[in-house]
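# Coordinates in review
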Amino acid sequence: QVQLVESGGGLVQPGGSLRLSCAASGLTFSSYTMRWYRQAPGKERELVAGITSSGSSTNYADSVKGRFTISRDNAKNTVYLQMNSLKLEDTAVYYCCALRWGSITLEYWGQGTQVTVSS
């Protein structure tokens, strides 16, 4: 049974930092591309950041470039999202997602963690 469990969300003031973690189990973690998505109230879910299975390549939404950093530790089956210089508009539920493309595309999601940026 595949599980993705996010943690690290919370309430932070504008300009502050948070580090999200997503611990994976039940899958060969090092074979999966990992992504962080977010969904704010009344908005569609959007891709925030992604990292390849080896960690050699990353990509970011324009809105978070230079502020957020995605990383992974394949030995710990964990992906991270370091969020700095947080803004009010970063408030959302953050989800991690594991993807593996092949003859069948496999996609798994965590339950989400709330990030609230407020003064």
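This section reports on the structure supplied with the text. (Residues numbered from 1 in each chain as written. Predicted model: local features only at pLDDT ≥ 70, side-chain atom pairs only at ≥ 80, totals over all residues. Heavy atoms only, no water.)

## Let's talk about the pattern of salt bridges
Applied cut-off: The term salt bridge refers to a pairing of a side-chain nitrogen on Lys or Arg with a carboxyl oxygen on Asp or Glu at a separation within 4 Å. Helix and strand assignments come from DSSP, with helices taken as H or I runs of at least 4 residues and strands as E runs of at least 2, each series counted from the N terminus. We call a residue buried when its accessible area falls under 20% of the maximum for its residue type, exposed when it is over 50%, and partly exposed in between, using a 1.4 Å probe and counting protein chains only.
In the structure shown here, the tally under the stated rule is 4 salt bridges. Residues Asp90 and Arg38 are paired through a salt bridge, measuring 2.9 Å at the closest nitrogen-oxygen approach. One end of the pair, Asp90, is in the loop between β8 (78-83) and β9 (92-100); the other, Arg38, is in strand β4 (residues 33-39), and 52 residues separate them in sequence. Residues Asp90 and Arg38 agree in their burial class; the two are buried. Asp90 is the salt-bridge partner of Arg67, the closest N and O atoms lying 2.7 Å from each other. Taken together, the positions of Arg67 in the loop between β6 (58-60) and β7 (68-73) and Asp90 in the loop between β8 and β9 put the pair 23 residues apart, joining distant regions of the chain. Connected through shared salt-bridge partners, Arg38, Glu46, Arg67 and Asp90 make up one network.

## Here we look at unusual backbone geometry
Even without glycine at this site, Asn77 takes up a positive phi of about 55°. With respect to the element layout, Asn77 can be found in the loop between β7 and β8. Under the relative-accessibility criterion, Asn77 is labelled partly exposed at 24%. The residue Ser85 is not glycine, and still its phi comes out positive at about 50°. Structurally, Ser85 can be placed in the loop between β8 and β9. Overall, the relative accessible area of 43% leaves Ser85 in the partly exposed class.

## Observations concerning the nonpolar core
The line we're drawing: We call a set of buried Ala, Val, Leu, Ile, Met, Phe, Trp, Tyr and Cys residues a nonpolar core when their side-chain atoms join them within 4.5 Å.
By size, the foremost hydrophobic cluster in this structure holds 29 residues, and its most contacted members are Met34, Trp36, Leu81, Met83 and Tyr94. Elements with a minimum of two residues in this core: β3 (18-25), β4, β5 (46-51), β7, β8, β9 and β11 (113-117).

## A short note on the pairing of β4
Which entries qualify depends on this criterion: Whether two strands pair depends on DSSP finding at least two bridges between them.
By the criterion of burial, β4 is predominantly enclosed, with 5 of the 7 residues buried. One ladder, built from 7 bridges, connects β4 with β9; its direction is antiparallel. In the strand pairing of β9, Trp36 is matched with Cys96. As paired strands, β4 and β5 are joined by 5 bridges and run antiparallel to one another.

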